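Now for the letters of each chain:
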Amino acid sequence: MIKETLEKILHTLEKCCKKTHQNGKNEVDEDKIKEDKIKEDLSKILKIKKDNIYTPSDTGVIKLKKEILRQKNELFSDDEEWYMVCEETLDISSLYNKNNVQCNIIFSKCSVGLNNKQSQNDCIVKANLYFYNCTFEKALIKLENITFEKILFFNQCKFKRRVCIYNNRFLSHLVFIKCHDKQNNTKIISLNLQENTFEGYLFIKNCTIENINLWKNKFENRSYFVDSEFGYEQDKDNKAKLNFSNARFEDNAYFNNSKFYSYADFHECEFEKIACFYGVTFDKAPNFSQIILKDNFNALNITLNFTFDDLKKQIKQEYENFNKDTNKQEKKSLDKIANDFRDSFRVVKNALIKDNNLLEASNFHKYELYCKEIELKENWNNRETKTTARKSSLHLKYFIDSLLLGFYRKLSDHHTDFLKVFNNIVLLVALYSVFLFMGGYEDNLKSYQYSDNLLDNNSSLTNAFKDIKNSIIQSSFVQEYPSCILIFYYGLIAIGFLMIFWDILKNIKKIYEVIKNEICIKEIIFCVLNLVAYFLGLLIVLIYLNIYIPKSQDSLAVLSNIGIFFVFIIFYLWLVYLKSLALRLMFVVVSYIIVIIVLGISISILNPFIGKIFNDEQNFTNPIFVYITFAYTILLILILFSLQKTARKNSIVPS
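Values in this document were obtained by computation on a predicted structure and should not be read as measured data.

Caption draft 1: Local environment of the nonpolar core. One finds Phe107, Phe131, Phe154 and Phe255 to be the most contacted residues of the largest nonpolar core, which totals 91 residues. No other element matches the nine residues that helix α4 (residues 334-354) contributes to this core. The contacts of Phe107, once residues within four sequence positions are left out, are Leu46, Val85, Leu90, Ile92, Leu129, Tyr130, Phe131, Tyr132 and Cys134. With 44 residues, the next largest nonpolar core counts Phe407, Ile570, Val595 and Leu635 among its residues.

And the structure:
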């Protein structure tokens, strides 16, 4: 009985094993049939041989597939099956209309044609499409009215033509990674994304894009434009177009560490959440006018690589571009364009102030004042000749304001450049000293002596220094080893000079290149001729004023006083406004030497009027000396105001 029971159990197990083996074999056969069916369909759609399509079970491509997908960033799940096409020339346009093809495809090192020829019909792509190291050079890449249910991924691809993606819906992600090759100078010539809806990420990383257009796109999820370069690296004519305008970002937008070589237009963008521009570099002024910021705007470490002249040229260029194809009723004047740029910098400045980052905000306030100066000058240039007295006074006020803004721009870059304003103080003191010694007024300053009263304790301080000096000289060590001390002292001086000369010799090539680039003989001659023209103009004015001087007055004395006052001011303003960097550098170096020497002669040269308070014997009877000193004092007050403001902004003390 037991034997019969065991035989039945063994027989049952044997049948089960055979059935399981048969089922396993059937499942393998079914997978194989399924793979063959997909390969068959793909070969017909892509018009390539079936043998050139690799399946997930082909062990030869598993390693390559893992290598391609190693930077998946959680965009793909691990259990997805992929079919691979390698080193083929193919057109995948017909893939969009085959809704039954749902496999994931990797195109590796292929030459691909990518164009939706039936853009009038709505198409659906249900597969992940991954292009790795592919070349798109046959025709314009145009995708229109397509719904991408899965990821469209471009990794290390070369685009020889424009990429146009219009009116599409991305349920998953659109990704561009490492689409550039600096060695072969390949990049995305034009990436034109218009009126698309992104429910997944738009991810652009480590790419070089000459032209980009994101007009009226809707980003419902995060968007990344990180570590990328946009525009031409040497775009002198502003040919590249970087248009991000009217885009709506409903989630976080990241532009971290990107570089914009050309004019980047972000006007009327809407950021629902974080807009991060950390570490971004703009070689030309961006346009952030009328943008809507509903959350945090991170503008830390933004670098703006342009000057006032660059901004002025760019505003004029934008004025011409805007009005070129615009109706007469919608045309904008140049001052309105400048106002738009000013609004752009104001938006960023206010965002930084909101984050209590006043130091960064001051830089954007500087560019805001650049635009204001251009705007005011344009208002003055376009003033009506026949107008009311009120309007004339208003235009005159605009002109004066523009001159004041220009003066502080040249003086201290609107209170942001401490070294610049300090150099200008040194230039002023040196110029004043030269005028005094050339006019023979040095006795007015030499007569100033400190008095022995309660306000002045210099005599006791001098005696204290003498006592210290005598004690050091009479010490036993100095008396015993005077030669060694002198050798050590001169040795330190020699080492210092050798280090300076070594540093100069080490960088002699760079210094030579800088000097060669900055020294422009034509520019220097033009600057000198400007100064001569100003003096000739002053001379004409003085001759004209001579008519109105009463005969009871000494006309020569009156004209001398007026002339020396304005000559001093004109000469100093000429030094401040010098366009030749080489000429200014020469004047600054000479000024430092003059100031050091003069301060050793008389400290009162810093402000003789204050010196007069402490010494009634100082001679202020010479009228020309008084006029020079008065002009010097006015300029000194203006500069000291800027100096203290600049020093305060660059310190840890909040403004």
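Having seen the model, we can carry on.
Caption draft 2: Region of the structure containing the environment of Ala557. Its place among the elements puts Ala557 in helix α14 (residues 555-576). Judged by its relative accessible area of 33%, Ala557 is partly exposed. Sequence-wise, Ala557 and Ile624 are 67 residues apart; in three dimensions their C-alpha atoms are separated by 8.9 Å.

Caption draft 3: Representation of the sheet that holds strand β17 (residues 197-198). Read across the sheet, eight strands follow the order β6-β10-β14-β17-β20-β24-β28-β31 without closing on themselves; strand pairing throughout is parallel. Where the open sheet ends on each side, the last strands, each with one partner, are β6 (123-125) and β31 (292-293). In this sheet, strand β24 (residues 248-249) lies alongside strand β20 (residues 218-219) in parallel orientation, the contact comprising two bridges. Residue pairing in the sheet places Lys218 in a bridge with Arg248 of β24.

Caption draft 4: Just the sheet that holds strand β7 (residues 129-132), in detail. Spatially, β1-β2-β4-β7-β11-β15-β18-β21-β25-β29-β32 is the arrangement adopted by the 11 strands of the open sheet, whose pairing is mixed. The open sheet terminates on both sides in strands that have one partner only, identified here as β1 (53-54) and β32 (297-298). Where strand β21 (residues 223-226) and strand β25 (residues 253-254) come together, two bridges link them in parallel fashion. Looking at the pairing, Ser223 lines up with Ala253 of β25.

Caption draft 5: Just the pairing of strand β2 (residues 82-86), in detail. In terms of burial, β2 is largely enclosed, as five of its five residues are buried. Taking every second residue as pointing to the same face, both faces of β2 are buried, with Trp82, Met84 and Cys86 on one and Tyr83 and Val85 on the other. Strand direction decides the pairing type here: β1 and β2, joined by two bridges, are antiparallel. Within β2, the residue paired with Tyr54 across the bridge is Met84.

Caption draft 6: Inspection of the packing of helix α6 (residues 389-412) against helix α7 (residues 418-438) at higher detail. Contact pair α6 / α7: the axes reach a minimum separation of 6 Å and the direction vectors enclose 95 degrees. The angle between α6 and α7 places the two elements in the roughly perpendicular class. Of the residues in α7, those in contact with Arg409, Lys410, Leu411 and Ser412 of α6 are Lys420, Val421 and Asn424. Split by residue class, the contact of α6 with α7 holds two nonpolar, two polar and three charged.

Reading guide: rules and limits
- Residues numbered from 1 in each chain as written.
- Predicted model: local features only at pLDDT ≥ 70, side-chain atom pairs only at ≥ 80, totals over all residues.
- Heavy atoms only, no water.
- Core = buried A, V, L, I, M, F, W, Y, C linked by side-chain atoms within 4.5 Å.
- Buried < 20%, exposed > 50% of the residue type's maximum accessible area, 1.4 Å probe, protein only.
- Helix = DSSP H or I, 4+ residues; strand = E, 2+ residues; numbered from the N terminus.
- Contact = heavy atoms within 4.5 Å.
- Pairing = 2+ DSSP bridges.
- Axes fitted to C-alpha atoms, helices over the stretch in contact; angles between N-to-C directions.
- Parallel < 35°, antiparallel > 145°, perpendicular 65-115°, else oblique.
- Nonpolar A, V, L, I, M, F, W, Y, C, P; charged D, E, K, R; others polar.

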